[in-house]
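Structure assessment
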Amino acid sequence: MPFVRIFPLRIFGQYEDAKTYKARLFYDIESGGELLKGRDCEVFFKKGNHPVHPWRLRVGSHSGDLAEYKTFLDSLCFYIFHEMRYYLESEEPLMQSFYIAIDFKDVHFSVFNQEESDED
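A brief look at the structure comes next. (Residues numbered from 1 in each chain as written. Predicted model: local features only at pLDDT ≥ 70, side-chain atom pairs only at ≥ 80, totals over all residues. Heavy atoms only, no water.)

**Thoughts on the layout of surface pockets**
- One number sums up the size of the largest pocket: a volume of about 260 Å³.
- The wall of the largest pocket is formed by 16 residues, among which V52, H53, P54, W55 and F81 lie closest to the centre.
- Among the secondary structure elements, those contributing two or more residues to the lining of the largest pocket are β4 (55-59) and α1 (70-83).
- The element that contributes the greatest number of residues to the lining of the largest pocket is α1, accounting for 5 residues.
- Split into classes, the residues belonging to the lining of the largest pocket amount to 9 nonpolar, 3 polar and 4 charged. (1 Å grid on protein atoms, 1.4 Å probe; cavity = no way out; pocket = protein on both sides within 12 Å on 5 of 7 lines; lining within 4 Å. Points joined across faces, edges and corners; volume = space filled by probe spheres on them. Helix = DSSP H or I, 4+ residues; strand = E, 2+ residues; numbered from the N terminus. Nonpolar A, V, L, I, M, F, W, Y, C, P; charged D, E, K, R; others polar.)

Rendered as structure tokens:
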């Protein structure tokens, strides 16, 4: 899929440890004029040491269509923490029961996968 539009719908998950939240990302994806609805994949919010952008979003082993779209994941992560101003706690023992629930309204990301289109 060289050019797609990804429509994130919802992320839902929970605290795993002081530096990790495990979640499922639900999304629709459009490629070549065809809309594929009801997709989902495992994602992880991983905390690093960067002072401004400490959280990173990574796909899990069941990544569905999104494994090759790192640009989308980085953009979505930026959108969540800087545009939506979502806040995640970390390093709190009481966070073990903390759940993430983020709903997206009327947002999509257009992604061009340069590597795949070069192979054609």
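**What about the nonpolar core?**
- Grouped together as the largest cluster of nonpolar side chains are 29 residues, with contacts concentrated most on I6, I11, L25, F45, F72 and L76.
- For this core, the element with the highest residue contribution is α1, accounting for 6 residues.
- Not counting the four nearest positions on each side in its chain, L25 is found in contact with P8, R10, I11, R39, D40, C41, V43, L66, F72 and L76. (Core = buried A, V, L, I, M, F, W, Y, C linked by side-chain atoms within 4.5 Å. Buried < 20%, exposed > 50% of the residue type's maximum accessible area, 1.4 Å probe, protein only. Contact = heavy atoms within 4.5 Å.)

**A short note on α1**
- Taking 1.5 Å per residue, 14 residues should reach 20 Å; α1 reaches 19 Å between its end C-alpha atoms and fits that length.
- Among the residues of α1, F72, L73, L76, C77, I80 and F81 are the ones counted as buried. Considered in projection along α1, the buried side chains sweep an arc of 150 degrees and stay on one side of the axis. In this structure, α1 carries T71 and E83 as exposed residues pointing more than 90 degrees from its buried face.
- R85 sits one or two positions beyond α1 and adopts a positive phi of about 60 degrees. (Expected span 1.5 Å × (residues − 1). Arc of directions from axis to C-beta.)

**Some remarks on the pattern of salt bridges**
- On inspection of all chains with the given rule, the structure shows 6 salt bridges.
- Across the pair R5 and E30 runs a salt bridge, and its minimum N-O distance is 3.1 Å. Note that R5 is positioned in strand β1 (residues 3-17) and E30 in strand β2 (residues 20-31), a separation of 25 residues in sequence.
- We classify R5 as partly exposed; its relative accessible area is 31%.
- The partner of E42 in a salt bridge is K22, and the shortest N-O contact between them spans 3.6 Å. Here E42, found in strand β3 (residues 34-47), pairs with K22, found in strand β2; they are 20 residues apart in sequence, far enough to count as distant.
- Judged by relative accessible area, which is 36%, K22 ranks as partly exposed.
- Each member of the salt-bridge network shares a partner with another, and the members are R58, K70 and D74. (Salt bridge = Lys/Arg side-chain N within 4 Å of Asp/Glu carboxyl O.)

**Focus on the environment of Y86**
- One can find Y86 in the loop between α1 and β5 (99-103).
- In this structure Y86 comes out as partly exposed when scored by relative accessible area, which is 21%.
- Aside from chain neighbours lying at most four places away, what touches Y86 is I80, F81, Y99, I100, A101 and I102.

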